[in-house]
Amino acid sequence: VLLILSGNLSFLNWLTMVPSLACFDDANLSFLFSSKEGSVKHQVSKIQAQKFAGEGPPKSYGYYMRQLVHISLGVLIIFLSVPVVLNLLSSKQVMNTSFNPLKIVNTYGAFGSITKERTEVVIQGTSSLDPKDPSAVWEEYEFNCKPGNLTRRPCVISPYHYRLDWLMWFAAFQTYEQNEWIIHLAGKLLANDRSASSLIAINPFSEREPPRWIRGEHFRYKFSRPWGTHASQGKWWIRKRIGPYFPPVNLPGLQKFFQSRSWPLPNV
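In the nomenclature of an unreviewed UniProt entry, the chain is known as Lipase maturation factor of Hymenochirus boettgeri.

S.K.: Describe in detail the overall build of the chain, supporting the description with residues and values.
M.R.: The helix and strand tally for the chain stands at 11 helices and 6 strands. Since a compact globule built from 268 residues should have a radius of gyration of about 18 Å, the 28 Å found for the chain marks it as more spread out than a globular shape. By its C-alpha atoms, the chain is 90 × 45 × 35 Å across when sized along the principal axes. Considering the chain as a whole, with its 268 residues, one finds that 29% of them fall into the buried category.

S.K.: Could you give an account of the nonpolar core, naming the residues involved and the relevant values?
M.R.: Counting residues in hydrophobic clusters, the biggest one holds 25 residues, and the most contacted among them are Ile123, Leu189, Ile214 and Phe246. Elements with a minimum of two residues in this core: β3 (118–126), α7 (163–171), α8 (181–190), β6 (237–249) and α11 (251–260). Apart from residues lying up to four places away in sequence, leucine 189 is in contact with Ile123, Tyr141, Ala196, Ser197, Ile200, Pro211 and Ile214. In this structure, Val122, Leu150, Phe219 and Trp237 belong to the second largest nonpolar core, which totals 5 residues.

S.K.: Can you lay out the pattern of salt bridges for me, pointing to particular residues and giving the numbers?
M.R.: Scanning all chains against the criterion turns up 9 salt bridges. With a shortest N-O distance of 2.3 Å, glutamate 139 and arginine 208 are connected by a salt bridge. Of the two residues, glutamate 139 is situated in strand β4 (residues 139–140) and arginine 208 in the loop between α9 (194–197) and β5 (213–223); the sequence distance between them amounts to 69 residues. We note a salt bridge from glutamate 217 to arginine 241, for which the minimum N-O separation is 2.4 Å. In this pair, glutamate 217 sits in strand β5 while arginine 241 sits in strand β6, placing the two residues 24 residues apart along the sequence. Note on glutamate 217: relative accessible area 5%, which makes it buried. Residue classification places arginine 241 among the partly exposed positions, given a relative accessible area of 47%.

S.K.: I'd love a proper account of the environment of glutamine 48, names of residues and values included.
M.R.: Position of glutamine 48 relative to the elements: it lies in helix α4 (residues 40–52). Overall, the relative accessible area of 47% leaves glutamine 48 in the partly exposed class. Linking glutamine 48 and lysine 256, residues 208 residues apart in sequence, is a C-alpha distance of 72 Å.

S.K.: How would you summarise the UniProt feature "transmembrane region" (unreviewed entry) in the chain if you had to cite specific residues and measurements?
M.R.: In this structure's numbering, the residues bearing the UniProt feature "transmembrane region" (unreviewed entry) are residues 68–89. This span, residues 68–89, is 95% helix and 0% strand, and a straight line between its end C-alpha atoms measures 31 Å.

Procedures and definitions
- Residues numbered from 1 in each chain as written.
- Predicted model: local features only at pLDDT ≥ 70, side-chain atom pairs only at ≥ 80, totals over all residues.
- Heavy atoms only, no water.
- Helix = DSSP H or I, 4+ residues; strand = E, 2+ residues; numbered from the N terminus.
- Rg over C-alpha atoms; globule rule 2.2 N^0.38 Å.
- Buried < 20%, exposed > 50% of the residue type's maximum accessible area, 1.4 Å probe, protein only.
- Core = buried A, V, L, I, M, F, W, Y, C linked by side-chain atoms within 4.5 Å.
- Contact = heavy atoms within 4.5 Å.
- Salt bridge = Lys/Arg side-chain N within 4 Å of Asp/Glu carboxyl O.
- UniProt positions renumbered as here; feature names shortened; annotations may be inferred.

In structure tokens, the structure reads:
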């Protein structure tokens, strides 16, 4: 609950809470069910009372065999979980990994560690003929929720999930060669593709001719300090340019790139 209140982490923590309900004793959840005679709750209470009074059926050979199987399985799980716990305590956790051929125990999660800095890829377009022209005006595409415009308040969407914004965040950890889909997105935006534009908040070229060039810029973002200079200017974020993320591209230049990956070239 604390993570839900303090973070914008989509549906991850909500899903974690659902199976945790099975950890509650039945008595804690009994208020959800009817106590009328003949109801399931009434019958269970009756069986529990008989068991408490020692009126239950005598323990059979099968009962002890089941107990032995249960204990054996518990010991096996504890033994197999040792490397999982050691991985959990490690400063370099490995996520989404199984630790034995039977795949009985494993680790799952979105993060093995949390970064202390937030970097973002900002996609920009221009109508200039020459992308290297110092006077070229580059306009930014604004996504639905990820940091971009410095004066836009951080949004709260949990448990909703903007998949593209999420992928853009992960792409900023790596290079565009490791995330070729971002070049595919650039090609779509070069053609003002409606399906691609519907996934973002603001396409500066939506009501006019599509851009001639698109590039990706890499920035480091951090929150502005309350009552500081940037905050007084209405800025929620402070950003510093790291460098280019991917160079300026246009549709003719992307033709071979798209063909080599069997991607249809977008039509303007």
